[in-house]
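Results of the structural survey
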Amino acid sequence: MKKERKMFSAYTIVFIFLVITGALTWIVPQSVVVSNNGVKEVIYNAIVNDAGEVVKGLGRQPAGIWNILMAPIQGFEKSSSVSIAILMAGAFLGLINSVGAMDAGIGALLKKYTGTTLIAILMFVFAVFGSVFGFWEEIPAFSIVIVPLFVLAGYDVITGLAVLTVGATAGNMASVVNPFSTGAAIGAIGNPELSLGSGMVLRLILFVLLYAIGLFFTVKYANEVKKNKEKSLVADVDVKTMTHKQGHLPELTKKRFWSIMVLIGIIVLLILGYMPWYEIKFADGSNFQDIINAPIYLLAKIPLLGDVLGAKYITPLGDWYFGEFSFVFFLGSILIGFINKIPEDKFVKEFASGAKDLLGVVLVLAIANGISVLMGSKTSGMSVTFVYWIQSALQGIPAWAFSVATILAYVGIGCFLQSTSGVAGITMPILGAVAMALFQNSNVGVIGGQIMLISAFTLGINFMSGIYPSATTMGTLELFNVPYDRYLKFVLKIFITMLAAGCILISVSQFLGLI
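Let me sum up the structure you'll find in this document. (Residues numbered from 1 in each chain as written. Predicted model: local features only at pLDDT ≥ 70, side-chain atom pairs only at ≥ 80, totals over all residues. Heavy atoms only, no water.)

Turning next to the pattern of salt bridges. Using the criterion set out here, one finds three salt bridges in the structure. Here lysine 220 makes a salt bridge to glutamate 224, at a shortest N to O gap of 3.3 Å. Of this pair, lysine 220 and glutamate 224 both sit in helix H9 (residues 200–227), four residues apart, roughly one helical turn. Look at lysine 220 and you get partly exposed, because its relative accessible area is 43%. Looking at glutamate 224, the relative accessible area reads 32%, which means it is partly exposed. With its nearest N and O atoms 3.9 Å apart, the salt bridge here joins arginine 486 to aspartate 485. Accessibility expressed as a relative area gives 49% for aspartate 485, which makes it partly exposed. (Salt bridge = Lys/Arg side-chain N within 4 Å of Asp/Glu carboxyl O. Helix = DSSP H or I, 4+ residues; strand = E, 2+ residues; numbered from the N terminus. Buried < 20%, exposed > 50% of the residue type's maximum accessible area, 1.4 Å probe, protein only.)

Structure follows, in structure tokens:
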């Protein structure tokens, strides 16, 4: 019997790229970026010695086994701020799921709303989940409850699946504050002037656009099926509706309600914290950041209370980074514990278990960042050489063409590697530097170019995640006996429309003042 070949895990694929990068150091020389009278210049095939001097002709610096195996460890150190943000988000999700708050919230919506309203609300919820913490692997568990209810309401299995998959994909493609894609990309680029707030307005508009497109197609199909069951894409398929095994969601108690309020509060705080309020300027020279932070400044002046809260140390809204992301999820975890009166031993167990669930993402991120360690920095290393070559080939390319090219590139990369954090770690050090080199002297600017790159990345890679026959997708389809080709027939036109619309928005973002 022929042994079935299995696909390599994300760890192995990223490690293979790490080894390939190490091998390239034996062939590709390092280069250095120097500044002459304010003008940056690349010195090809050169290194910077311990004395800080540029030495030409010694660019080839082979990496040995020590360097290759040490790289992921150094990569972990490099990505520590993103890693702790991911672990804190995981710990919070573990706790809020352990008390059944999210399930109860979905159950309450299912009881209160019906028809188009229910589709719109649930799709929005799952889109927000995708945009905030990369909702996807959770789809099979939710589908057992969501899909049968839509079937009982007169729709079909595809409608229930669409609410989950189309909603989540819209959110993932926008990734407003998603630490696994947007956060990982920002960390991998390594530009201290970039934060999760950079390009947030663009990503919020992208979110609304993609959600609206997904909702339009889903509602249109759902209404057609409800009127005529023959219009269903699985009308001739013996699907499993699971109505006889319909899961029961927990009751929305007062404790679960306030737990959901904590989650909503976290989402609001993240948007407030990362929104670039300083961009809203007034005629007197002040900006909106001073106004929105006024309560914090006032709190800091209150004797004793301000000191107890540490108000004078609170990072102003608009200036948040990964530390603040970790803080709000950590604070949220503590609040969940108090609200639900979780015993200390159970709290620690669920907190650690939630963080452990995302440890794999952190390890992939560490290996991927090890690649950037071997590649070098934005001012010296093999990365500068690649940037020099790519920049020479793309010199004068307009920003819209750069956006389209990178989106298509990430769609292609998504065929081989589904880990968003892994792809970010592999590609962002190079492409982030390319964006800097291409746009530093243009109207787009370095930050603008890198913002476009990040949105191109989340759009392209998550488009592919929506259609890729992953374990999550295939497992969910298997639950309801829905053929993969029928699923593709439904989602492909929606996701391609979303991809095209997102591509257009990112391409013209410079003209709309979004970057």
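There's plenty left to go through after this.
Taken together, the side chains of Leu252, Phe257, Trp258, Met261, Ile264 and Val268 make up a nonpolar region of the molecular surface, amounting to roughly 500 Å² of accessible area. Note that isoleucine 264 resides in helix H10 (residues 254–274). Given the relative accessible area of 41%, isoleucine 264 is considered partly exposed. (Patch = residues over 30% accessible without salt bridge, like charges linked within 9 Å, V, L, I, M, F, W, Y side chains within 5 Å. Areas by Shrake-Rupley, 256 points an atom, 1.4 Å probe, with all protein chains shown as cover.)

The next thing to look at is the packing of aromatic side chains. With the rule as written, the count across this model stands at 25 aromatic pairs. Here the aromatic rings of phenylalanine 129 and phenylalanine 135 are separated by 5.8 Å at their centres, their planes lie at 50°, and the arrangement is tilted. Like phenylalanine 129, the residue phenylalanine 135 is buried in the burial classification. Seen from their ring centres, phenylalanine 386 and tryptophan 389 are 5.7 Å apart, and the 90° between their planes marks the pair as edge-to-face. Of this pair, phenylalanine 386 and tryptophan 389 both sit in helix H17 (residues 382–394), three residues apart, which is roughly one turn of the helix. Taking relative accessible area as the criterion, tryptophan 389 reaches 36% and is therefore assigned partly exposed. (Phe/Tyr/Trp six-rings, centres within 6.5 Å; stacked < 30°, edge-to-face > 60°.)

At serine 175, a residue that is not glycine, the phi angle is positive and equals roughly 45°. Examined against the element boundaries, serine 175 turns out to sit in the loop between helix H7 (157–174) and helix H8 (179–189). Exposure remark for serine 175: the relative accessible area of 0% places this residue in the buried category. Residue leucine 304 is not a glycine yet carries a positive backbone phi of 65°. For leucine 304, the location among the structural elements is in the loop between helix H12 (294–301) and helix H13 (305–309).

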